[in-house]
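# Reading the structure
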Amino acid sequence: MTKRAYKYRFYPTPEQEQLLARTFGCVRFVYNAVLRYRTDAFYERREKIGYVAANAVLSRMKKADDTAFLNEVSSVPLQQCLRHQQTAFKNFFEGRAKYPAFKSKRHRQSAEFTRSAFKYRDGQLFLAKCKEPLAIRWSRELPDEPSTITVSKDSAGRYFVSCLCEFEAEELPVTPKMVGIDLGLKDLFVTSDGHRIGNPRHTAKYAARLAKAQRRLSKKTLGSKNRAKARQKVARLHAKVSDCRMDRLHKLSRQIVNENQVICVESLKAKNMLRNRSLAKSISDAGWGEFVRQLEYKADWAGRQLSAIDQWYPSSKRCSKCGHVMPEMPLHVRAWTCPECAAEHDRDINAAVNIKAAGLAVLALGENVSGIEQVSVSGSR
């Protein structure tokens, strides 16, 4: 059995909206207060505060007169936020993340509920201290009763509930098809079969509307209701761009997984590539990292194989016919002829074919093999 989150949108009643606003505020307050306490304890007394001590701080806060408002909401989300904070500290000390940051009320708000703080009965979801069920748009049925739910509100003012359930992944029938994928900006990706998937450039599509909304936002008085309304309009446009991108990536990744038994991709370091200021916006808009992430977990559920080759493998410079490696291959060169075998290559298709060959070699020889032979080159790919 595998755990999977099912996300739905819901529309709270005015009473539920007030309860959720108080819950989000208390979760944010507890997280920030305990984070400040742990930080000060370390810098002032060199004392390390763990989860048990942090939970004791929460208990004292709930008994104090000036923070008695924490008792107005369910205690489960408050305890869960401390568990998340402990995980954030663990990731920081193990070098996987930065130091935990304070939460802001202008960003996404969330609260996690365990089974003791919600009821799922007859297809309806009831939260603690809430008499009416959530008005959820059930786009699909849940495979099982959720073990944990996360209620969230994004910066555009939309409410979502994510239900964590156990489900049994069904493996797809075995197919002989294998594919190599070369990610790009002109085309979102090109396959070794010669198929090109265009890059819709969602950010550029909404750039004019977004710039207009941001100009109007900058002219509003700080702290006014009109500024809050203008900020939400900007947030809705950003949410529109994000939703369009995610919808397309989900459809494309599902198609690739359904059609191919083995999928070969490049193990790109998107964060490092974003340092290029001239391409950072286009790379972020393309969503390469999210696309590969979706391929990875969907392939695992479907019984497919995903092979990631070394990021320094010269897929664009190598001739897929004879293996000759060109010394240089500037980005403006989209087609070239091999000086050894006189084979004519399209840059992207040739790279996809090489990625496929290197990915199959990785599967055959082991994960430490970065292609047919380990090559580290500098310059453009």
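Reading the values: the criteria
- Residues numbered from 1 in each chain as written.
- Predicted model: local features only at pLDDT ≥ 70, side-chain atom pairs only at ≥ 80, totals over all residues.
- Heavy atoms only, no water.
- Helix = DSSP H or I, 4+ residues; strand = E, 2+ residues; numbered from the N terminus.
- Buried < 20%, exposed > 50% of the residue type's maximum accessible area, 1.4 Å probe, protein only.
- Contact = heavy atoms within 4.5 Å.
- Areas by Shrake-Rupley, 256 points an atom, 1.4 Å probe, with all protein chains shown as cover.
- Lys, Arg positive; Asp, Glu negative; His and termini not counted.
- Charge placed at Lys NZ, Arg CZ, Asp CG, Glu CD.
- Pairing = 2+ DSSP bridges.
- Axes fitted to C-alpha atoms, helices over the stretch in contact; angles between N-to-C directions.

Moving on to the overall build of the protein chain. Helix and strand counts for the protein chain stand at ten helices and 13 strands. Projected onto its principal axes, the C-alpha positions of the protein chain cover 80 × 50 × 50 Å. Within the protein chain, the fraction of its 381 residues that count as buried is 40%. Considering only contacts within the protein chain whose residues lie at least 6 apart along the sequence, 70% involve residues at least 24 apart. For the protein chain, the computed accessible surface area is about 22100 Å², with 50% contributed by carbon and sulfur atoms. Separation of charge centres in the protein chain, based on 68 positive and 39 negative side chains, amounts to 10 Å.

Residues in a regular strand point their side chains to alternate faces of the sheet. Among the five residues that make up strand β10 (residues 262-266), five are buried, leaving the element largely enclosed by the rest of the structure. Of the two faces of β10, the one lined by V262, C264 and E266 and the one lined by I263 and V265 are each fully buried. Examined bridge by bridge, strand β7 (residues 178-183) and β10 share three bridges and lie parallel to one another. Across the sheet, the residue bridging to M178 is V262, located in β10. Pairing analysis gives five bridges linking β10 to strand β11 (residues 305-309), with the strands arranged parallel.

Here the focus is the sheet that holds β10. On the basis of which strands lie adjacent, the open sheet formed by five strands has the order β9-β8-β7-β10-β11 and mixed pairing. The open sheet is flanked by β9 (196-198) and β11, the only strands paired with a single partner. On average, each strand axis in the sheet is tilted by 20° relative to the strand beside it, whichever way the strands run. Relative to strand β8 (residues 187-191), helix α6 (residues 225-259) is tilted by about 0°, and along the sheet it contacts β7, β8, β9 and β10. Of the strands in this sheet, β7, β8, β9, β10 and β11 are in contact with helix α10 (residues 347-365), which crosses β7 at around 125°.

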